[in-house]
Amino acid sequence: MNQNQSIKQHLSRLYRNIKPLRRKQLGLLLILTLLTSFVEVFSIGAVLPLLTVFTAPERLFAHPAVQPLIRFLGLTSPDQLFLPITVIFASAALTAGAMRLLLLWTSTRLAYATGADLTIDVYRRTLYQPYAVHVARNSSAVINTMVTKVNAAIQSTIVPVMTLSSSAMMLLVTLSFLVAIEPQFTLIAFSGFALIYIVVIALTTSKLTSNGILIAAEHTQVVKLLQEGLGGIRDILLDGTQELYCDLYRKSDLPLRRAQGTTVFISSSPRLGIEALGMLFISLMAYFLSQRPGGFGQSIPVIGILALGAQRLLPLLQQAYAAWSSIQSSRASVSDTLDFLDQPIPDYAEHLSEEPIPFQHDICLRNVSFRYASEEPWVLVEVDLTIPKGSRVGLIGTTGSGKSTLIDIVLSLLQPTKGVLAIDGNILTPENFRNWQQHIAHVPQAIFLADSSIEENIAFGIPKDEVDFERVQLAARRAKIEDFVESLPKKYQTSVGERGARLSGGQRQRIGIARALYKEADVLIFDEATSALDSDTERGVMEAIQDLSKDLTIIMIAHRLTTLANCTQIVEMESGRAKLR
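From a predicted model like this one, the values you see are computed outputs, not experimental measurements. (Residues numbered from 1 in each chain as written. Predicted model: local features only at pLDDT ≥ 70, side-chain atom pairs only at ≥ 80, totals over all residues. Heavy atoms only, no water.)

Chemist: Even after reading the chapter, I still don't get the overall build of the protein, so can you show me in this structure?
Modeler: When its secondary structure is counted, the protein shows 21 helices and 10 strands. Counting the 581 residues in the protein, one finds 45% classified as buried. Partitioning the intrachain contacts of the protein with sequence separation of at least 6 by distance along the chain shows that 78% fall at a separation of at least 24. (Helix = DSSP H or I, 4+ residues; strand = E, 2+ residues; numbered from the N terminus. Buried < 20%, exposed > 50% of the residue type's maximum accessible area, 1.4 Å probe, protein only. Contact = heavy atoms within 4.5 Å.)

Okay, structure coming up:
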């Protein structure tokens, strides 16, 4: 995150991430804003003949600009101007109101549509990041960016930018009109109001920036504490540490709320002072205009139009300032969002999935070494291993010996730092590893189950209307869980609960195996898939695995040699090195 970038640089980066279609729509929105500005000025200008017709209809009847209307309507006396002028003013006011509503509706829809594009892009780019990036990243930072900081980009940057643009355009058009009517008072008043906002901006910029940084950081901390508190609720209940977590949450949430409140106050407070000064200006203007030749009566139309103009200008100034304050205070959150939007997407993401790489003979690791970063120790050291197709390979070793990392290399979730992974002699690269992953199904120790039906969890990642139910049943039968599912009242439509809370450990593992089998992969990898099960449940799961087709290549990680009794090859990992037992 680069906090030192200017607002202009932030907006430039944000604009580059907006789709071309949205950019065209933004251009059309500016045209609509310009049209609305002219309609708004016309509605203000319509006040002048309205007030004139009520105070001095003879003057208006004699005015050259009104003669075309008089001839068109066939009017013969000044009194007949009351109705048409009133209708013109009312029409102008209604049209201006309708245009403002249309502009608000259009700009809001466009802002949130753009926000949806950004959210989807952040999520997509995040999902396509290499596994090593996900391992190094705190999930709460990702969730907070998706849920909170992208919203900040929408509500505190995109919408305010649109508001600032429309306010500036309307200010310029309205001010030009008022200067043409009464240049002296208009320029004095507007300069005074603008100076006040400039001083406020100078005084509050650093506070808004520091508040924005604090809000961005504490939002992430709040999400992290929520995840940890709810995720570890069993231990919290057992240890009685509720107050500890509440205190930690309070220490993050309270400064966050204070910063948010301060930002809202800074954004809104100038309006109150400006309104009071506006009333003072109007009263002074009325006094000085009344001293001109012709007296107060002839000054009423000018006073009215300037008062109405001020009534329109002051909210526009406040909108522009509030928009600037919002953009300034959200820079830190937007910067985090932009960092996620700048994540590269691999080339394969832009192409349809190709045919799987041929796999007829073996998986070969040649002199494979791996470490997560150049300053970190080696996790794997010169591993040479050949896994024939159709074999049953067991991996055993102490915690931290490199078993799971070796599996991640075979899964192509991690790329070797040194050495190569080859399939039938074809070396895997970032360009073709997706073709290899189509062969693989993975059953981890902790099966992730969505809070949905058993059917949807077996066919995980498949749209519900595309699930092959017969294939689901076959996978459940081969995983030895069909009898249990058929005994349930709702059978395959039974909800498993959050993370499979309504199922036992063995049932969750069998659903994980059924999911792998539904994929119809020819390489199955079990990463300590039975280590958390009791002996009887483990025996049942292992029987289900052993009964699988002999054409499948199975790689298993286990802590106990008894679990690997039926393997054709056992590899022992020790300090990142592999040796056959």
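So, next bit.
Chemist: What is the right way to look at a nonpolar patch on the surface in this model?
Modeler: A cluster of nonpolar residues, Tyr131, Val135, Tyr372 and Leu413, forms a patch on the protein surface that exposes about 330 Å² of accessible area. You can see tyrosine 372 is positioned in the loop between strand E1 (362–370) and strand E2 (380–388). (Patch = residues over 30% accessible without salt bridge, like charges linked within 9 Å, V, L, I, M, F, W, Y side chains within 5 Å. Areas by Shrake-Rupley, 256 points an atom, 1.4 Å probe, with all protein chains shown as cover. Salt bridge = Lys/Arg side-chain N within 4 Å of Asp/Glu carboxyl O.)

Chemist: What is the right way to look at the side chain of serine 412 in this model?
Modeler: Note that serine 412 resides in the loop between helix H15 (403–410) and strand E4 (418–423). By relative accessible area, which is 3% here, serine 412 ends up buried. Residues contacting serine 412, with those up to four places away along its chain left out, are Leu421, Leu428, Phe433, Trp436 and Gln437.

Chemist: Any chance you could explain helix H1 (residues 7–16) here in plain terms?
Modeler: An α-helix turns once every 3.6 residues. As a result, residues three or four positions apart point the same way. When H1 is considered as a whole, its buried residues turn out to be Ile7, His10, Arg13 and Leu14. Here the buried residues of H1 occupy an arc of 130° about the axis, which is enough to place them on one side. When the buried face of H1 is taken as reference, the exposed residues oriented beyond 90 degrees from it are Lys8 and Arg16. (Arc of directions from axis to C-beta.)

Chemist: When you look at the pattern of salt bridges in this model, what are you seeing that I'm missing?
Modeler: Between side chains of opposite charge, a pair can form as their charged atoms come close. Per the counting criterion, the structure on display carries 12 salt bridges. For aspartate 121, the salt bridge goes to arginine 125, with nearest N and O atoms at 3.2 Å. Taken as a pair, aspartate 121 and arginine 125 lie in helix H6 (residues 82–127) at a separation of four residues, close to a single helical turn. Here arginine 125 falls in the buried class, since its relative accessible area comes to 18%. The residue lysine 491 makes a salt bridge to glutamate 486 at a minimum N-O spacing of 3.6 Å. Judged by its relative accessible area of 31%, glutamate 486 is partly exposed. By sharing partners, the salt bridges in this structure join Arg13, Asp339 and Asp342 into a single network.

Chemist: Quick question: what am I supposed to make of the sheet that holds E1 here?
Modeler: Hydrogen bonds between backbone groups are what pair the strands of a sheet, and the pairing can be parallel or antiparallel. Judged by pairing direction, the sheet is antiparallel, and its four strands sit side by side in the order E2-E1-E4-E5 without closing on themselves. A single partner strand is all that each edge strand has here, and the edge strands are E2 and strand E5 (426–427). In this sheet, E5 lies alongside E4 in antiparallel orientation, the contact comprising two bridges. Paired with isoleucine 423 across the bridge in E5 is asparagine 426. Packed onto the sheet, H15 meets E1, E2 and E4 and runs at close to 125° relative to E1. (Pairing = 2+ DSSP bridges. Axes fitted to C-alpha atoms, helices over the stretch in contact; angles between N-to-C directions.)

Chemist: I tried to follow unusual backbone geometry on my own but got confused; where do I start?
Modeler: In the Ramachandran plot, glutamate 382 falls in the positive-phi region, its phi being about 45° despite a non-glycine side chain. Structurally, the position occupied by glutamate 382 is in strand E2. When its relative accessible area of 48% is taken as the criterion, glutamate 382 is described as partly exposed. Phi at aspartate 424 takes a positive value of approximately 50°, unusual for a residue other than glycine. Its place among the elements puts aspartate 424 in the loop between E4 and E5.

Chemist: Before we go on, may I ask you to explain the nonpolar core in this structure?
Modeler: Taken as a class, soluble globular proteins show a tendency for nonpolar side chains to be buried jointly. Counting residues in hydrophobic clusters, the biggest one holds 42 residues, and the most contacted among them are Leu29, Val122, Ile158, Met162, Leu317 and Tyr321. Every element with two or more residues in this core is listed here: H1, helix H2 (20–45), H6, helix H8 (139–181), helix H9 (183–231), helix H13 (295–329) and helix H14 (331–341). Counting residues per element, this core draws most heavily on H8, which supplies 11 residues. Among residues more than four places away in sequence, those in contact with leucine 317 are Leu171, Phe190, Phe193 and Tyr197. One finds Val467, Ala479, Ile511 and Leu564 within the second-largest nonpolar core, a separate group that totals 38 residues. (Core = buried A, V, L, I, M, F, W, Y, C linked by side-chain atoms within 4.5 Å.)

Chemist: Could you clarify how one ought to interpret the sheet that holds strand E6 (residues 440–443) in this entry?
Modeler: Overall, mixed pairing links the six strands, which are arranged E6-E7-E8-E3-E9-E10 in an open sheet. The open sheet has two edge strands, E6 and strand E10 (577–580), and neither has a second partner. The sheet shows a mean angle of 20° between the axes of neighbouring strands, taken without regard to direction. Note that strand E3 (residues 392–397) and strand E8 (residues 553–557) share four bridges and pair parallel. Within E8, the residue paired with valine 393 across the bridge is isoleucine 555. Contacting E6 and strand E7 (523–527), helix H20 (residues 505–518) crosses the sheet at an angle of about 175° to E6.

Chemist: I keep staring at the environment of cysteine 364 and nothing clicks. Help me out?
Modeler: Mapped onto the elements, cysteine 364 comes out in strand E1. On the basis of relative accessible area, cysteine 364 is assigned to the buried category, the value being 14%. With 21 residues separating them along the chain, cysteine 364 and leucine 385 place their C-alpha atoms 5.8 Å apart. The contacts of cysteine 364, once residues within four sequence positions are left out, are Leu385, Thr386, Val420, Leu421 and Ala422.

Chemist: What is the right way to look at the packing of aromatic side chains in this model?
Modeler: Within this structure, the stated rule accounts for four aromatic pairs. Each ring, one from phenylalanine 359 and one from tryptophan 436, has its centre 5.5 Å from the other, and the planes form 85°; the classification is edge-to-face. Of this pair, phenylalanine 359 sits in the loop between H14 and E1 while tryptophan 436 sits in helix H16 (residues 433–437), placing them 77 residues apart in sequence. Across the pair, exposure class does not vary: phenylalanine 359 and tryptophan 436 are buried alike. Taking the centre distance of 6.0 Å and the plane angle of 70° together, the rings of phenylalanine 448 and phenylalanine 460 count as edge-to-face. (Phe/Tyr/Trp six-rings, centres within 6.5 Å; stacked < 30°, edge-to-face > 60°.)

Chemist: Please explain the pairing of E1 as it appears in this structure.
Modeler: Here is the key point about a regular strand: its side chains alternate between the two faces of the sheet. Relative to E2, E1 runs antiparallel, the two being bridged by six bridges. Note on E2: the bridge partner recorded for valine 368 is valine 383. The pairing of E1 with E4 spans five bridges and is classified as antiparallel. The residue bridging cysteine 364 from the neighbouring strand is alanine 422, located in E4.

Chemist: Any chance you could explain the packing of H1 against H14 here in plain terms?
Modeler: Packing of H1 against H14 brings their axes to within 10 Å, and their N-to-C directions diverge by 35°. Considering only the axes of H1 and H14, their crossing is left-handed. Residue-level inspection shows Ile7, His10, Arg13 and Leu14 of H1 in contact with H14, the latter providing Arg331, Val334, Ser335, Leu338 and Asp339. Across the contact of H1 with H14, the residue classes tally to four nonpolar, two polar and three charged. (Left-handed = near helix turned anticlockwise from the far one by under 90°. Nonpolar A, V, L, I, M, F, W, Y, C, P; charged D, E, K, R; others polar.)

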